[in-house]
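Listed below are the residues making up each chain.
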Amino acid sequence: MVVKTQNSGRAVTGLHVGASNVRRYFPRHVAVIELHLDHLQIQCGLEPDFWQDQPEIHDPRLCAWLESKNFHTRSDRTPIPLAMVPSGKNSFRIRPVALHEESQFPAPLPARSEPLSESSIWQEQTSAA
């Protein structure tokens, strides 16, 4: 799932998970989740409002890690997308998101400088073998 940093001024204050991600990945009975941040592993509590109108994760250790990764340096202060990948029961790995992961569509293939001809297809197939 793609989540976004949440900012207050220049400070990172947490992660905005989004209501649809909350419904899909977070059972209501779960009060604590585990986050893997590179080599760090932390447990974060989820507030009751997490399932209502504030689908956000706030934790000082998470914010410190986000700041240390310079996920707060966009000059326009727009939220930065991150991948939050399930890695076990109530456990997630946070990592930078590739540009094409921000979209719901796969990344387009690179454009060719010239159209394919029958001979160029054959050359590509024989050189790959």
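Throughout this document, residue positions are counted from 1 along each chain, in the order its sequence is written. Per-residue local features are limited, in this predicted model, to residues with pLDDT of at least 70; the limit for side-chain atom pairs, both in listing and counting, is 80 or more; totals at the level of whole chains, interfaces and linings are taken over all residues. Hydrogens and water are ignored here; the side-chain numbers use all heavy atoms of the structure.

All right, on to the pairing of strand β7 (residues 91-96) then. The criterion for strand pairing is that DSSP finds at least two bridges linking the strands in question. Secondary structure elements follow DSSP: runs of H or I no shorter than four residues count as helices, runs of E no shorter than two count as strands, and numbering proceeds from the N terminus. Relative to β7, strand β3 (residues 32-37) runs parallel, the two being bridged by four bridges. Each bridged residue has a counterpart across the sheet, and for glutamate 34 the counterpart in β7 is serine 91. Of the pairings in the sheet, the one linking strand β6 (residues 81-86) to β7 comprises five bridges and is antiparallel in character. Opposite alanine 83, over in β7, you have arginine 95 as the bridge partner. In sequence, β6 turns back onto β7 through a hairpin of four residues, with glycine 88 there showing a positive phi of about 140°.

Attention now moves to the packing of aromatic side chains. Ring geometry is summarised as follows: Phe, Tyr and Trp rings, the Trp one being its six-membered ring, pair when their centres sit within 6.5 Å, and such pairs are stacked at plane angles under 30 degrees, edge-to-face over 60 and tilted between the two. Summed over the entire model, instances satisfying the criterion amount to three aromatic pairs. Arranged with centres 5.1 Å apart and planes meeting at 80°, the rings of phenylalanine 26 and phenylalanine 50 form a pair that is edge-to-face. Here phenylalanine 50 lies in the loop between β4 (40-45) and β5 (56-57) and phenylalanine 26 lies in the loop between α1 (19-25) and β3, a separation of 24 residues in the sequence. Take phenylalanine 26 and phenylalanine 50: they sit in the same class, and that class is buried. Ring centres of phenylalanine 50 and tryptophan 51 lie 5.1 Å apart, and the angle between their planes is 85°; on these two criteria the pair is classed as edge-to-face. Residues phenylalanine 50 and tryptophan 51 agree in their burial class; the two are buried. Burial classification: accessible surface area is computed with a 1.4 Å probe over protein chains only, and a residue below 20% of its type maximum counts as buried, one above 50% as exposed, and the rest as partly exposed.

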